[in-house]
Amino acid sequence: AKRHGMITLLKPHVWISGGWPGEVEMQSESDWDLFFDQYYQWISHYALMAEMYNVEALCIGVEFSKATLAKEHKWRALIDKIRALYSGQLTYAANWGEEFESIRFWDQLDFIGLNCYYPLSVKQKVKGNDLVEGFSEILKKVHTVKSRFGKPVVLTEIGFRSIETPWLQPHAESGQAAFNEDDQAMCYDAVFKAMSRYPVVDGILWWKWPTTLEVQFENDRRFVPSGKKAEQVIERWF
């Protein structure tokens, strides 16, 4: 990445089988203490790795939507401890919606991270600028948070599956939805068009690019834009 002049962000995920980090919630203060002690031991490993390899930015957590809103002081203490290990920029990747809009410790980080899976439209059939207008409304939410804290905002995740109508529930599994790379590309294009009109986002990390770019699947319904029309959209806009 560095050879190509790219900025690197190390973003470790706690991957929960059959669930997600937003479900993490303790029933007592002693359990919260244990959780944050163990979490620090885990994330400090990556902080040291990021420092050793001169990674420009480190994400201290991903989508702990209950833990962040319930235990602000614990996250603030965690940030202080990580800064003692790591000299680069720090962020946190908040889940879209309540968590992103309600976190109060953004002031302690270098930039605000948003995993942006807000629906672009509730319509099964879209036309004209429907998706562009939908993402423009999302950018208004981004602007509100950005203005409150005076920090840059990076979309630490945004993406759409190559399925029919991925704008309805961008975060959802593909289920029985049919493969459709045109609908995926429409979403990518709408995001770029809206951002060109309302430049409030300071960076994008598309979800998701595999390390095995040479591997292509027929009718691949994953978030991967590589080898699809969505990739052409990204290339054109960038």
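Since this is a predicted model, take the numbers as computed values, not measurements.

Enquirer: Got a minute to help me understand a nonpolar patch on the surface in this structure?
Expert: Taken together, the side chains of Met49, Met52 and Tyr53 define a hydrophobic patch exposed on the protein surface, amounting to about 350 Å² of accessible area. Among the structural elements, Met52 can be located in helix H1 (residues 29–52).

Enquirer: What is the right way to read unusual backbone geometry from this model?
Expert: With an omega of -5°, the peptide bond between Trp207 and Lys208 qualifies as cis. Mapped onto the fold, Lys208 is located in the loop between strand S6 (203–206) and helix H7 (229–237). Located in the positive-phi region is Glu63, a residue other than glycine, with phi close to 60°. Mapped onto the secondary structure, Glu63 falls in the loop between strand S2 (57–62) and helix H2 (65–70). Positive phi is not limited to glycine here, since Thr165 has a value of about 50°. Within the secondary structure, Thr165 is located in the loop between strand S5 (153–158) and helix H6 (181–197).

Enquirer: Help me understand the state of the cysteines in this model?
Expert: Structurally, a disulfide amounts to a covalent bond that connects the sulfur atoms of two cysteines. Within the structure shown, the criterion is met by zero disulfides. Considering cysteine sulfurs only, Cys116 is the nearest to Cys59, which forms no disulfide, with 15 Å between them. Looking at Cys187, it has no disulfide partner, and the nearest cysteine sulfur is the one in Cys116, 12 Å off.

Enquirer: Sorry if this is basic, but what is going on with the environment of His13 here?
Expert: By secondary structure assignment, the location of His13 is in the loop between strand S1 (9–10) and H1. When the C-alpha atoms of His13 and Ala47 are compared, they prove to be 13 Å apart, with 34 residues separating the residues in sequence. Other than its neighbours up to four places away in sequence, His13 contacts Trp42, Val62, Glu157 and Trp207.

Enquirer: Would you mind showing me how to read the sheet that holds strand S4 (residues 112–115) here?
Expert: Two modes of strand pairing occur in sheets, parallel and antiparallel, and in both the strands are linked by backbone hydrogen bonds. A sheet is described by the order of its strands in space; here six strands give the open sequence S1-S2-S3-S4-S5-S6, paired in parallel fashion. Each edge of the sheet is formed by a strand with only one pairing partner; in this case those strands are S1 and S6. With three bridges joining them, S5 and S6 adopt parallel strand pairing. By the bridge assignment for S6, Val154 is matched with Gly203.

Enquirer: In this structure, what is going on with the pattern of salt bridges? I would like to understand it.
Expert: Pairing between side chains becomes possible if they bear opposite charge and their charged atoms approach one another. Counted by the stated rule, this structure contains 18 salt bridges. The salt bridge involving Lys2 is made with Glu56; its shortest N-O contact spans 2.9 Å. In this pair, Lys2 is assigned in the segment before S1 and Glu56 in the loop between H1 and S2, connecting sequence segments 54 residues apart. What makes Lys2 partly exposed here is its relative accessible area of 41%.

Enquirer: I would appreciate a short explanation of the packing of aromatic side chains in the present structure.
Expert: Each aromatic ring pair is specified by the distance between its two centres and by the angle formed by the two planes. This structure, assessed with the given rule, holds 23 aromatic pairs. Here Phe35 and Phe36 contribute two aromatic rings whose centre-to-centre distance is 5.1 Å and whose plane-to-plane angle is 85°, an arrangement assigned as edge-to-face. With 5.6 Å between their ring centres and 5° between their planes, Phe192 and Trp237 make a pair best called stacked. With Phe192 in helix H6 and Trp237 in helix H7, the pair connects residues that are 45 residues apart, well separated along the chain. For Phe192, a relative accessible area of 7% gives the class buried. We classify Trp237 as partly exposed; its relative accessible area is 33%.

Enquirer: Sorry if this is basic, but what is going on with the packing of H6 against H7 here?
Expert: Running from amino to carboxyl end, H6 crosses H7 at an angle of 20°, the nearest separation of the two axes being 8 Å. On the basis of their axis angle, the class for H6 and H7 is roughly parallel. Every pair of crossing elements has a handedness; the one defined by H6 and H7 is right-handed. In this structure, H6 uses Glu181, Asp182, Gln184, Ala185, Tyr188, Asp189, Phe192, Lys193 and Ser196 to contact H7, whose residues at the interface are Lys229, Ala230, Val233, Ile234, Arg236 and Trp237.

Enquirer: How do you make sense of H7 when you look at a structure like this?
Expert: Since the α-helix packs 3.6 residues into each turn, any two residues three or four apart lie on the same face. All buried positions along H7 are accounted for by Ala230, Val233 and Ile234. Down the axis of H7, the sector holding all buried residues measures 95°, keeping them to one side. Seen from the open side of H7, the exposed residues pointing more than 90 degrees away from its buried face are Gln232, Glu235 and Arg236.

Rules behind the numbers
- Residues numbered from 1 in each chain as written.
- Predicted model: local features only at pLDDT ≥ 70, side-chain atom pairs only at ≥ 80, totals over all residues.
- Heavy atoms only, no water.
- Patch = residues over 30% accessible without salt bridge, like charges linked within 9 Å, V, L, I, M, F, W, Y side chains within 5 Å.
- Areas by Shrake-Rupley, 256 points an atom, 1.4 Å probe, with all protein chains shown as cover.
- Salt bridge = Lys/Arg side-chain N within 4 Å of Asp/Glu carboxyl O.
- Helix = DSSP H or I, 4+ residues; strand = E, 2+ residues; numbered from the N terminus.
- Disulfide = S-S within 2.5 Å.
- Contact = heavy atoms within 4.5 Å.
- Pairing = 2+ DSSP bridges.
- Buried < 20%, exposed > 50% of the residue type's maximum accessible area, 1.4 Å probe, protein only.
- Phe/Tyr/Trp six-rings, centres within 6.5 Å; stacked < 30°, edge-to-face > 60°.
- Axes fitted to C-alpha atoms, helices over the stretch in contact; angles between N-to-C directions.
- Parallel < 35°, antiparallel > 145°, perpendicular 65-115°, else oblique.
- Left-handed = near helix turned anticlockwise from the far one by under 90°.
- Arc of directions from axis to C-beta.

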